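Survey of secondary and tertiary structure
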Amino acid sequence: MANYHPNDELLMQFSAGQLPNALGIMIACHLESCIECNKKTRLYDSVGGELLNLSPPVKVSENALRTILTRIEEPPAEKSSAPSNERVKNMPRPLSRFVPEDFENLPWKGFTRSIQEYLLPISDEKLTAKLYKIAAGTELPEHTHKGNEFTLVMEGSFSDKAGYYHPGDFILSDTETIHQPKATMKQDCICFAVLDAPLKMTGFFGRMLNPFL
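In short, a report on the structure. Model, not experiment: these values are computed from the prediction.

Turning our attention to the sheet that holds strand β2 (residues 128–134). Note on sheets: strands pair through backbone hydrogen bonds, and any given pair is parallel or antiparallel. Taken in spatial order, the five strands make up an open sheet running β1-β2-β9-β4-β7, and their pairing is antiparallel. Among the strands making up the open sheet, the edge pair consists of β1 (115–119) and β7 (170–173). Neighbour to neighbour, the strand axes of the sheet diverge by 25° on average, direction disregarded. The sheet contact formed by strand β4 (residues 149–155) and β7 spans four bridges and is antiparallel. Within β7, the residue paired with F150 across the bridge is L172. Contacting β2, β4, β7 and β9 (189–195), helix α2 (residues 21–31) runs over the sheet at an angle of about 140° to β9.

Moving on to the pairing of β9. Counting buried residues along β9, seven of its seven residues qualify, which places the element largely inside the surrounding structure. Residue alternation in β9 divides its side chains into two sets, C189, C191, A193 and L195 and I190, F192 and V194, and both sets are buried. In this sheet, β9 lies alongside β2 in antiparallel orientation, the contact comprising seven bridges. Each residue of the ladder has a partner; that of I134, found in β9, is C189. The pairing of β4 with β9 spans six bridges and is classified as antiparallel. Directly across from E149, in β9, lies its bridge partner L195.

Below, the discussion takes up the sheet that holds strand β6 (residues 163–165). One open sheet holds the three strands; their spatial order is β6-β5-β8, and the pairing between them is antiparallel. On the outer flanks of this sheet lie β6 and β8 (182–183), each paired with one strand and no other. Pairing of strand β5 (residues 158–160) with β6, which is carried by three bridges, proceeds in the antiparallel orientation. Within the sheet, the bridge partner assigned to D160 lies in β6 and is G163.

Below, the discussion takes up the environment of K186. Mapped onto the elements, K186 comes out in the loop between β8 and β9. Sequence separation of K186 and S157 is 29 residues, and the distance between their C-alpha atoms is 8.8 Å.

Taken as a whole, this structure holds three aromatic pairs when the rule is applied. Note on Y4 and Y165: the rings are 4.9 Å apart at their centroids and 55° apart in plane angle, and the pair reads as tilted. Of this pair, Y4 sits in the segment before α1 (8–15) while Y165 sits in strand β6; the two residues are 161 residues apart in sequence, bridging distant segments of the chain. Overall, the relative accessible area of 30% leaves Y4 in the partly exposed class. When the ring of F150 is compared with that of F170, the centres are 6.2 Å apart and the planes differ by 45°; the resulting orientation is tilted. Here F150 is found in strand β4, whereas its partner F170 is found in strand β7, with 20 residues between them in sequence. Comparing F150 with F170 shows no difference in burial state: the two are buried. Aromatic ring contacts, followed pair by pair, group Y4, F158 and Y165 into a single cluster.

The next thing to look at is a nonpolar patch on the surface. Together, I68, L69 and I72 give the surface a local cluster of nonpolar side chains, amounting to about 300 Å² of exposed area. Relative to the helices and strands, I72 is located in helix α4 (residues 64–73).

The subject of this paragraph is the nonpolar core. Within the largest apolar cluster, 32 residues are counted, with the highest numbers of intra-cluster contacts made by M26, L95, L120, L131, F192 and V194. Elements supplying a minimum of two residues to this core: α1, α2, α3 (35–54), β2, β4 and β9. It is α2 that provides the largest number of residues to this core, a total of seven residues. Those residues in contact with V194 that sit more than four places away from it in its chain are A22, M26, L127, T128, A129, N148, E149 and F150. Within the second largest apolar cluster, nine residues are counted, among which are I134, L140, F158 and Y165.

Criteria and cut-off values
- Residues numbered from 1 in each chain as written.
- Predicted model: local features only at pLDDT ≥ 70, side-chain atom pairs only at ≥ 80, totals over all residues.
- Heavy atoms only, no water.
- Pairing = 2+ DSSP bridges.
- Helix = DSSP H or I, 4+ residues; strand = E, 2+ residues; numbered from the N terminus.
- Axes fitted to C-alpha atoms, helices over the stretch in contact; angles between N-to-C directions.
- Contact = heavy atoms within 4.5 Å.
- Buried < 20%, exposed > 50% of the residue type's maximum accessible area, 1.4 Å probe, protein only.
- Phe/Tyr/Trp six-rings, centres within 6.5 Å; stacked < 30°, edge-to-face > 60°.
- Patch = residues over 30% accessible without salt bridge, like charges linked within 9 Å, V, L, I, M, F, W, Y side chains within 5 Å.
- Areas by Shrake-Rupley, 256 points an atom, 1.4 Å probe, with all protein chains shown as cover.
- Salt bridge = Lys/Arg side-chain N within 4 Å of Asp/Glu carboxyl O.
- Core = buried A, V, L, I, M, F, W, Y, C linked by side-chain atoms within 4.5 Å.

Okay, here's the thing in structure tokens:
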């Protein structure tokens, strides 16, 4: 059960379909296991439906019906080669179609074996989406953020001076955040992260990495 959740503004934007793909997929992953946020989004969906009912009707083009019927009669598109949920185990369904393997078999990359990452194909020119794997007991260099970083814990857990985070927890870090996340000793920690700006290392050795981030 998650202890940390997206704020109401993010949930309302998700309900209205206003979030960028990467962030919308992250919220959908959180909703898959969070009863509390599911209740909120259903309420926002209902409110949105009522607002649509109150909106004045919009005139559509005369050939709109013909266009829809033509599309219905088109042959179905070829099936996607994306992996099925059965192949990608322990993966939320909204994310599984974008990840070719389970966490254990992904081609992780990084400066060390203790801290690695996998770039997700849902990244775009504004947002970078990654999976991070932090080896059990490993502490990241102290850092802050040049913008916002949205994090969803997928497996394992980690802690910083603000608290402990477990699978399903959603954490927002920003330019005011200075922390040094550490994976617990029991298990590697895997997180889904979406960033709108790079990290900024603050420790002595970490600052030497800033030009490469």
